Amino acid sequence: SCTLESAKGASASAEGVCKWILAMSTYDRVAKVVGPKKEQLAEVTAEYTEVMKLLKTKQDELQEVLDRLKKLEDTLEDLIKKKEDLEHQVQDCKDKLDRAEKLIGGLGGEKVRWGESAEALGVAYVNLTGDVLLSSGMLAYLGAFTLSFRERFTTKAKVLLSEKQIPRAEVFSLVNTIGDPVKIRDWCIQGLPSDNFSAENGIMVANARRWPLAIDPQGQANKWIRKMEKDNRLEIIKLNQDDDMRKLENAIQFGQPVLLENCSEELDPVIEPILLKQTFKQAGSLVIRLGDATLDYSLDFKFYLTTKLRNPHYLPETQVKVQLLNFMITPDGLQDQLLGIVVAM
């Protein structure tokens, strides 16, 4: 047999040929073993590639499913929150309905009173024209007169309104027509007498366009104005002191109320621009000329005048400048005040 050792002993060429033959023989054996494995490897590799492609497809599908699941979970969470909110709203509605039923049940007895009030308001609306006309007449012309004279005027005026077919209330009252019960109560607490005559005077002070001049020998109006305007830094002047004009000028500029006491039958000409409200615009500001000075005019400024004269005689040109009011105590007014005191006790 030909071996590597025998070939080596024969010649170098024989040794080389023997090595090549042995190598080819080994290669053949190895190739017969490796060849099928390579084919299997190629097949397995192809299968692996297909499987990986399929896996990638399934992973993409899984991711889509997961994304949809996340959206569904978010939607579910939102719906759960909405459900909870709706449940709270339902509960709130139930609570409100329960309270409303209790309130309606508690106010059931008010139905009759409300019906009567609505009916009374309807009648008052129809009578509004005549009542306001009478109220305007009282505000414009009757401030200086006593309660009895005012009643005589309203009696004659009601007859005239009936002749002219102007609707009016059967029983006219300035207090009921344009008075505010809350304000009137506050005025009484601040010192205004509680009788109807004084309440009418208070309404005239609050609603008149001209500044009020109160005929006040007993000091009722003075006392009331002092208490009413105390918190607004009321300035009290008499125009016979050196600094009275300065106080008046400051009050006009800073919007403070002013009470001019002890007026005589002839008013000082220096206050005439105030009484006539002779304001004008200057450089975009509202001003008034008082003597030689031009002052900024505050819309919060208020001016009250009182006199202690029992029966003053004011000239017509003076009366048209002020709202003349009679605060004298009359027997009827005194009776009403005493009755109010007794009732309060």
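Residues numbered from 1 in each chain as written. Predicted model: local features only at pLDDT ≥ 70, side-chain atom pairs only at ≥ 80, totals over all residues. Heavy atoms only, no water.

**Q** Just checking my understanding: could you explain the nonpolar core for this structure?
**A** Inside soluble globular proteins, nonpolar side chains tend to come together where they are buried. Residues W187, W224 and F327 are the most contacted members of the largest nonpolar core, which totals 26 residues. The set of elements that each furnish at least two residues to this core consists of α4 (128-141), α5 (147-163), α6 (174-178), α7 (181-189), α8 (196-207) and α9 (220-228). Each residue touching W187, except ones within four places of it in the same chain, is listed here: L192, A199, G202, I203, A206, W224 and M228. Grouped together as the second largest cluster of nonpolar side chains are 25 residues, W211, L213, L260 and I288 included. (Core = buried A, V, L, I, M, F, W, Y, C linked by side-chain atoms within 4.5 Å. Buried < 20%, exposed > 50% of the residue type's maximum accessible area, 1.4 Å probe, protein only. Helix = DSSP H or I, 4+ residues; strand = E, 2+ residues; numbered from the N terminus. Contact = heavy atoms within 4.5 Å.)

**Q** Explanation requested: the environment of P181 in the structure shown.
**A** When you line up the elements, P181 lands in helix α7. With a relative accessible area of 65%, P181 lands in the exposed category. A sequence separation of 18 residues divides P181 from A199, and the C-alpha atoms of the two residues are 9.8 Å apart.

**Q** Looking at this structure, how should I read the sheet that holds strand β4 (residues 279-282)?
**A** Within a beta sheet, neighbouring strands are joined by backbone hydrogen bonds and run either parallel or antiparallel to one another. One open sheet accounts for 3 strands, arranged β4-β5-β6; its pairing is antiparallel. Every interior strand has two partners, whereas the edge strands, β4 and β6 (293-296), have only one. Each strand axis lies, on average, 45° off the axis of its neighbour in the sheet, ignoring direction. Bridge count between strand β5 (residues 285-290) and β6: 4 bridges; the pairing is antiparallel. Across the sheet, I288 pairs through a bridge with L295, a residue of β6. This element, helix α10 (residues 244-254), spans β5 and β6 of the sheet and lies at about 40° to β6. (Pairing = 2+ DSSP bridges. Axes fitted to C-alpha atoms, helices over the stretch in contact; angles between N-to-C directions.)

**Q** Help me out: how do you make sense of the environment of L267 in this one?
**A** With respect to the secondary-structure elements, L267 resides in the loop between β3 (257-260) and α11 (272-275). L267 sits in the buried class, given a relative accessible area of 18%. Sequence spacing of L267 and Y314 is 47 residues, and the spatial spacing of their C-alpha atoms is 9.2 Å. In this view, L267 contacts L275, L305, T318 and V322; residues no more than four positions away in its chain are not counted.

**Q** Could you clarify how one ought to interpret the sheet that holds strand β2 (residues 235-237) in this entry?
**A** Here we have 5 strands laid out as an open sheet, ordered β2-β3-β7-β1-β8, and parallel in their pairing. Two strands close off the open sheet at either side, each with one partner strand: β2 and β8 (323-326). Direction aside, the axes of adjacent strands within the sheet are offset by 20° on average. Pairing of β2 with β3, which is carried by 3 bridges, proceeds in the parallel orientation. Considered in β3, the bridge of E235 is made with V258.

**Q** Would you mind going over the pattern of salt bridges with me for this structure?
**A** Side chains that differ in charge, positive against negative, can pair when their charged atoms come close. Enumeration over the complete set of coordinates arrives at 11 salt bridges. For R150, the salt bridge is made with E200, and the minimal N-O distance between the two is 3.0 Å. With R150 in helix α5 and E200 in helix α8, this pair connects stretches of sequence that are 50 residues apart. Just as R150 is buried, E200 falls in that class too. The residue R246 makes a salt bridge to D243 at a minimum N-O spacing of 3.6 Å. Among the residues examined, D243 registers a relative accessible area of 26% and is labelled partly exposed. (Salt bridge = Lys/Arg side-chain N within 4 Å of Asp/Glu carboxyl O.)

**Q** Please clarify how the pairing of strand β7 (residues 302-307) should be interpreted in this entry.
**A** Two faces, one strand: in a regular strand the side chains alternate between the faces of the sheet. Most of β7 is tucked away, with 5 of its 6 residues classed as buried. Across 3 bridges, the pairing between strand β1 (residues 212-215) and β7 is parallel. Looking at β7, one finds that A214 is bridged to T306. As defined by bridge partners, β3 adjoins β7 across 4 bridges and the pair is classed as parallel.

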